[in-house]
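Reading the structure
Spelled out from the first residue to the last, the chains are:
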Amino acid sequence: MWNNEEFRMAEGAHILGHQGDSFEIQVTVPTDDDGFLGRDCPHCTMTFRIDADDYERLPDDLTLWCVYCGHHSGHSDFMTRQQRERLLRVAEDLGTQIVSRSLQDIFGGLARKSSRRSPVSFSYKPGKPLYPSPLPGIDEERLVRIRTCPGCRVKYAVFSEHRYCPVCGELPAASVAFDALQADTARLDALEAISADVKAALREQGVFSRNWVDTIENVVGVVEILASSLFKASVHDTDARLRGKGNVFQRLEDMAVLFTDAGFPDVRTALASDTWDRLLAAWAARHVFTHNDGVVDAKYLARVPRTPLRVGQRLTLDDPTCRRAIEDTTLLCTALTELTS
């Protein structure tokens, strides 16, 4: 019977015990410089991270969620490629030593033998002891965005748009909304941070203009999704109230009336009047860009009566307008969340 001391293990790998041919091995997995542990989704293959201290406190039978696609299964299914390579190296080193020990046990006592009846001879010479090489390190992408789940308070890091907490599952609608607004601000910041030469080339190709239009369309989408989620979660007769109203959460005034008719405070009075006017203008801009390539029509003039534009002119946007729209939308999302809480 083998004992654990017979096997040499690389630093970071330890044999905790074994029974028969089964070994229990502990392999440490290094964290990154920020103390986070990498996880790869087995479904969408995207990477996220979890604070190692928070992860250590979670139960062993944890069901882990992919923060991006929502796939959920046992936490061991989420090992990264580099972590798996580290574990396989330990298994290979141990397997090599087990085979060597087995051969030694079987053939170690045999000497060279032959007889007149058989010309066959056999000898066994044990190989050199295995000295495991250092285990592969972990060198994965640096953190960019660290989030804390509002429910379980676990800290995790993401590298793309996400909708789930790795422990709790689906995030609250408000968390998703505010995260999306922060992402739009980061996108504006990134374009402003590039060099002057590159910025000039991108501006000439319309990249900045397109980005500003996308920002306005995004903030409308953020409010639409948040308002819909909050209303449906707070109102018991949702289907009856929404019947025949189309996509009411995309129409700012109609959405405000919908909430007040359901017994909630008027969100318009929770905001300064100039904030609400700017929001109306942003929603009107989104409509003409989505449905009329940005060309002003009579409907836009009715919604934004103070505009100097005329029918047939094309609406233009800029960075300050988009940043103000994000700020105003953040105030609106905060008000909607508070009035339904």
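Here is a short report on the structure shown in this document. In this text the structure is predicted, and so the values were computed from the model without any measurement. (Residues numbered from 1 in each chain as written. Predicted model: local features only at pLDDT ≥ 70, side-chain atom pairs only at ≥ 80, totals over all residues. Heavy atoms only, no water.)

1. What to know about the overall build of the chain
Rule in force here: Helix and strand definitions here come from DSSP, where helices need a minimum of 4 consecutive H or I residues and strands a minimum of 2 consecutive E residues; each element is numbered from the N-terminal end. Contacts are assigned to residue pairs with any non-hydrogen atoms lying within 4.5 Å of each other.
Helix and strand counts for the chain come out as 10 helices and 10 strands. Sequence separation of 24 or more characterises 56% of the internal contacts of the chain that already satisfy a separation of 6 or more.

2. As for the pattern of salt bridges
A pair can form between side chains of opposite charge whenever their charged atoms are brought close. Stated precisely, the cut-off is as follows: What counts as a salt bridge is simple: a side-chain nitrogen of Lys or Arg found within 4 Å of a carboxyl oxygen of Asp or Glu. Working definition: with a 1.4 Å probe on protein chains only, accessible area under 20% of the residue-type maximum means buried, over 50% means exposed, and in between means partly exposed.
Under the criterion given, the structure shown has 20 salt bridges. Where arginine 268 meets aspartate 266, a salt bridge forms, and the shortest distance between an N and an O atom there is 3.0 Å. You can call arginine 268 partly exposed: its relative accessible area is 26%. Members of the salt-bridge network, linked through shared partners, are Asp274, Arg278, Arg324, Glu327 and Asp328.

3. Here's the deal with the packing of helix α5 (residues 207–234) against helix α8 (residues 273–292)
Selection rule: Here an angle of 0 to 180 degrees is reported between the N-to-C directions of two axes, which are lines fitted to C-alpha atoms, with helices fitted over the stretch in contact. Left-handed describes a crossing in which the near helix is turned anticlockwise from the far one by less than a right angle; the clockwise case is right-handed. In this classification, Asp, Glu, Lys and Arg are treated as charged, Ala, Val, Leu, Ile, Met, Phe, Trp, Tyr, Cys and Pro as nonpolar, and every other residue, Gly included, as polar.
Packing of α5 against α8 brings their axes to within 9 Å, and their N-to-C directions diverge by 115°. As for how α5 packs across α8, the hand of that crossing is left-handed. Along the contact surface, α5 presents Val213, Ile216, Glu217, Val219, Val220 and Val223, while α8 presents Ala282, Trp283, Ala285, Arg286, Phe289 and Thr290. Partitioned by chemical class, the residues of the contact of α5 with α8 number 9 nonpolar, 1 polar and 2 charged.

4. Notes on the sheet that holds strand β8 (residues 155–158)
Through backbone hydrogen bonds, the strands of a sheet pair up, either in parallel or in antiparallel fashion. In plain terms, the rule: Pairing between strands is defined by DSSP: at least two bridges between them are needed.
Spatial ordering of the open sheet is given by β3-β4-β8-β7, a layout of 4 strands whose pairing is antiparallel. Edge positions in the sheet fall to β3 (36–40) and β7 (145–148), since each has one partner strand and no second. Adjacent strand axes in the sheet meet at a mean angle of 30°, parallel and antiparallel pairs treated alike.

5. Details of unusual backbone geometry
We note that threonine 45 has phi near 70°; this positive angle belongs to a residue other than glycine. Note on placement: threonine 45 falls in the loop between β3 and β4 (47–51). Phi is positive for arginine 153, close to 70°, though the residue is something other than glycine. Looking at the element boundaries, arginine 153 is found in the loop between β7 and β8.

6. Some points on the nonpolar core
Applicable threshold: Nonpolar cores are built from buried Ala, Val, Leu, Ile, Met, Phe, Trp, Tyr and Cys residues. Side-chain atoms within 4.5 Å join them into one set.
Ranked by internal contacts, the top residues of the largest apolar core, which has 51 residues, are Phe249, Phe259, Trp283, Leu332 and Leu336. Of all elements in the fold, only α3 (173–193), α5, α7 (252–261), α8 and α10 (319–339) reach the threshold of two or more residues within this core. If one sorts the elements of this core by residue count, α5 sits on top with 12 residues. Judged by nonpolar contacts, the second largest core, of 20 residues, contains Cys41, Leu62, Val158 and Leu171.

7. Details of the pairing of β4
Taking burial as the measure, the 5 residues of β4 include 4 buried ones, the bulk of the element. Relative to β4, β3 is paired through 5 bridges, and the arrangement is antiparallel. In the sheet register, aspartate 40 faces β4, and the bridge partner there is threonine 47. Linkage of β3 to β4, two consecutive antiparallel strands, is achieved through a turn of 6 residues, within which threonine 45 is found at a positive phi near 70°. Bridge analysis of β4 against β8 gives 2 bridges, and the strand direction is antiparallel. If you follow isoleucine 50 over to β8, its bridge partner there is tyrosine 156.

8. Considerations on α3
Applied cut-off: Given a helix with a known number of residues, its expected span is that number minus one, times 1.5 Å.
For α3, built from 21 residues, the straight-helix expectation of 30 Å at 1.5 Å per residue is met to within 8% by its first-to-last C-alpha distance of 30 Å. Ala174, Val176, Ala177, Asp179, Ala180, Leu181, Asp184, Leu188 and Leu191 are the residues of α3 that are buried. Looking at the buried positions of α3, the neighbouring elements they touch are β7, α4 (196–204), α5 and α10.

9. What to know about the state of the cysteines
Defined simply, a disulfide is a covalent bond joining two cysteines at their sulfur atoms. For clarity, the cut-off: Cysteine sulfur atoms that pair up within 2.5 Å are treated as a disulfide.
Applying the stated criterion across every chain yields a total of 0 disulfides. This cysteine, cysteine 152, is not joined by any disulfide, and cysteine 168 carries the nearest cysteine sulfur, 3.5 Å off.

10. Here's the deal with the packing of aromatic side chains
Convention followed: Stacked, edge-to-face and tilted are the three classes for Phe, Tyr and Trp ring pairs, Trp counted by its six-membered ring, which pair at centre distances within 6.5 Å; planes under 30 degrees apart are stacked, over 60 edge-to-face, the rest tilted.
As enumerated under the stated definition, the model contains 7 aromatic pairs in all. Plain terms: the ring middles of phenylalanine 48 and tyrosine 68 are 6.4 Å apart, the flat faces sit at 75° to each other, and that makes the pair edge-to-face. Here tyrosine 68 lies in the loop between β5 (63–65) and β6 (72–74) and phenylalanine 48 lies in strand β4, a separation of 20 residues in the sequence. Each of the two residues, phenylalanine 48 as well as tyrosine 68, counts as buried. Note on phenylalanine 231 and phenylalanine 259: the rings are 5.2 Å apart at their centroids and 80° apart in plane angle, and the pair reads as edge-to-face.

11. Brief notes about the pairing of β8
Both β7 and β8 contribute to a ladder of 4 bridges, which runs antiparallel. If you follow arginine 147 over to β8, its bridge partner there is tyrosine 156. Hairpin connection between β7 and β8: a loop of 6 residues separates the two successive antiparallel strands, and arginine 153 in this loop has a positive phi of roughly 70°.

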